[in-house]
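Observations on the model geometry
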Amino acid sequence: MSVRQPPAPDSARVAGVPAPASDRVACPVRGGLVEYDGCSNRARSNLSGHGGRVSALLIDVDDAWPPGVPHMLPPPPSRRGSAPRRGSRSAHALAGAVCLIALAGAAPATAPVRAAAASSSAPVSWQPDLSRTGTDDVNVQYAEGALRVRDGSAGPASLERDGGYASAVLEARPMERAVNRVTVALDATVPAAASVESDVRGRSADGTWTEWRQAAAGTAVELPRDAVEIQARLTLWSAKGGDTAAVRSLTLTADDAGGGHAEPAPPTASAFSARVFATRVGLVGHTTANGHVIRENDHFVALPSRRALSPNGSGQYSVQVCGPARCETAPVWDVGPWNTHDDHWNPSAQREQWQDLPRGLPEAQAAYEDGYNGGRDEFGRQVANPAGIDLADGTLYDVGLVDNGWVNVTYLWTDSGGETGALPARGPDVGVRQQGTTVSTRVANLPGPTTVRVRRE
């Protein structure tokens, strides 16, 4: 068996393993096409004991990709010839996953070998380093052994709320096996009129992130799908001029909720869309909830929930906004207008608040038009317009608005398949431009390496 370093049939050969042999398989990726015995496959699995990857065609299982082993990209359909896929050789079958190893171009070996892909079901706990503040953190400082609000008068631009706001996006933790449940424990001092929120999200094997989910201390949060990487975020609020909360430690525990790993959701034709009232952000020079400093003619949006807040410079959560003139795709970089827990794009039963409202109806619109919640937002303020999205100036003008107005919004991350796909981006960073030309306006820069979701148009 030829073991190669990059996942391509003509890449450097780093080892030759005579059959029969045994090794652990992990992290399959899509690589160069390998054809053998009327079959073809692009999956390449890592052999931890030999420092390289081998074709999945050498693993004697019925699936095109090794079952039970999280992969880095969604498995594409295998292209197979007229001859059938090698059947499971029951005469050689052993309990668990079985590999059949063969030298390149030689007849298959007669002895099966075991692929040890079993994983422990024990929970995994860890404590992120709160002292390591990074570029995705906003208005935080680590002092006297705790994470705190740095400036008690700075808040998200679109929210227009007095008081201090800080956010720390903690380092993501890779999991040795797929998990779908996370519990948090917080060691913090929280004065009156201050608060601390902890959120978690998971990265699926295809590279896409789930939405952020608020995690109350001691209460397990179940993610909507299996994740191979977990990330936490801390949000601190303080009253204007008041004392800040102090977070000394955060402990996360991840495990599998049981009942087997969830199957991928069936593809949908399109992401969820709704017609909502848009207001203008303006506020040039102010800072958004993810730390972006607003520029003239800027391109981004604000939504009234932190569940879909992208890191600064990232388009992990983006929307398509269609106005009177044209459509534009813009990242979600701020929280507002009015609310911070109104994920109105989710099904009613999954909304963080206001679950008695229909999907696609923002709470502010219901309050303004129908007197819902006494006509007030989550902070008790009287709602003065029905806005469910804020548009930065460049986005607002480019879709054809000159002032506040109604737009059609598509929440692109809600797409579970359809005409989109998650792909790794090449290069140190990714420049996102408004139109399909290299001279059009640059609306975002995504630091690499990263994974992007692309749509066929």
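Residues numbered from 1 in each chain as written. Predicted model: local features only at pLDDT ≥ 70, side-chain atom pairs only at ≥ 80, totals over all residues. Heavy atoms only, no water.

The next thing to look at is the overall build of the protein chain. The helix and strand tally for the protein chain stands at two helices and 26 strands. In the protein chain, 66% of the contacts between residues at least 6 apart in sequence involve partners at least 24 apart. Total accessible area on the protein chain is roughly 21000 Å²; 50% of this is exposed by carbon and sulfur atoms. (Helix = DSSP H or I, 4+ residues; strand = E, 2+ residues; numbered from the N terminus. Contact = heavy atoms within 4.5 Å. Areas by Shrake-Rupley, 256 points an atom, 1.4 Å probe, with all protein chains shown as cover.)

Applying the stated rule across the entire model yields 13 salt bridges. Two residues, Glu229 and Arg203, come together in a salt bridge whose shortest N-O distance is 3.0 Å. Here Arg203 lies in strand 13 (residues 195–203) and Glu229 lies in strand 15 (residues 221–238), a separation of 26 residues in the sequence. Judged by its relative accessible area of 18%, Glu229 is buried. (Salt bridge = Lys/Arg side-chain N within 4 Å of Asp/Glu carboxyl O. Buried < 20%, exposed > 50% of the residue type's maximum accessible area, 1.4 Å probe, protein only.)

The next point concerns the packing of aromatic side chains. Tallying each qualifying case throughout the model produces nine aromatic pairs. Ring geometry for Phe277 and Trp406: centres 5.3 Å apart, planes at 70°, overall edge-to-face. Placement of the pair is Phe277 in strand 17 (residues 272–280) and Trp406 in strand 22 (residues 405–411), with a sequence separation of 129 residues. The exposure class assigned to Phe277 is buried, which follows from its relative accessible area of 14%. Ring plane angle 90° and centroid distance 5.9 Å describe the contact between Tyr317 and Trp413, whose orientation is recorded as edge-to-face. (Phe/Tyr/Trp six-rings, centres within 6.5 Å; stacked < 30°, edge-to-face > 60°.)

As a further point, take the side chain of Ser310. You can see Ser310 is positioned in the loop between strand 18 (301–303) and strand 19 (318–322). Ignoring sequence-local partners within four residues, the contact set of Ser310 consists of Asn290, Gly315, Gln316, Tyr317, Val332 and Trp333.

Another aspect to go through is the nonpolar core. In this structure, Val200, Ile230, Leu234, Leu236 and Leu252 are the most contacted members of the largest nonpolar core, which totals 27 residues. Looking at this core, the elements that each hand over two or more residues are strand 10 (146–149), strand 11 (164–169), strand 12 (173–189), strand 13, strand 15 and strand 16 (246–255). Looking at this core, the element that brings in the most residues is strand 15, giving seven residues. Not counting residues up to four positions away in its chain, the partners in contact with Leu236 are Leu147, Arg148, Val149, Gly164, Tyr165, Ala166, Ser195, Val196, Thr244, Ala245 and Val247. Judged by nonpolar contacts, the second largest core, of 26 residues, contains Val169, Ala274, Ile389 and Leu391. (Core = buried A, V, L, I, M, F, W, Y, C linked by side-chain atoms within 4.5 Å.)

With that settled, consider empty space enclosed by the protein. Tallying each qualifying case throughout the model produces four cavities of 30 Å³ or more. Reported here for the second largest cavity is a volume of approximately 60 Å³. If you go around the second largest cavity, the residues you meet are Asp136, Val138, Ser167, Val169, Trp212, Arg233, Ala289, Asn290, Leu309, Ser310 and Pro311. Residues that form the lining of the second largest cavity fall into these classes: six nonpolar, three polar and two charged. (1 Å grid on protein atoms, 1.4 Å probe; cavity = no way out; pocket = protein on both sides within 12 Å on 5 of 7 lines; lining within 4 Å. Points joined across faces, edges and corners; volume = space filled by probe spheres on them. Nonpolar A, V, L, I, M, F, W, Y, C, P; charged D, E, K, R; others polar.)

Looking now at the environment of Asp256. On the secondary structure map, Asp256 appears in the loop between strand 16 and strand 17. By relative accessible area, Asp256 is classed as partly exposed at 23%. At 3.2 Å, the side chain of Asp256 forms a polar contact with the side chain of Asn180. (Polar contact = N/O pair within 3.5 Å; in protein donor to acceptor, adjacent residues only side chain to side chain.)

So, on to the sheet that holds strand 21 (residues 387–391). Strand pairing within a sheet occurs via backbone hydrogen bonds; the two strands may be parallel or antiparallel. Strand order in the closed barrel formed by six strands is 17-21-18-20-19-22, with mixed pairing between adjacent strands. On average, each strand axis in the sheet is tilted by 45° relative to the strand beside it, whichever way the strands run. With three bridges connecting them, strand 18 and strand 20 (residues 327–335) associate as parallel partners. By the bridge assignment, Leu303 is partnered in strand 20 with Val335. (Pairing = 2+ DSSP bridges. Axes fitted to C-alpha atoms, helices over the stretch in contact; angles between N-to-C directions.)

Attention now moves to helix 1 (residues 363–370). Among the residues of helix 1, Glu363, Ala364, Gln365, Ala366 and Ala367 are the ones counted as buried. If you follow the buried residues of helix 1, they end up packed against strand 21 and strand 22. Just downstream of helix 1, Gly371 is the residue with a positive phi angle, here 70°.

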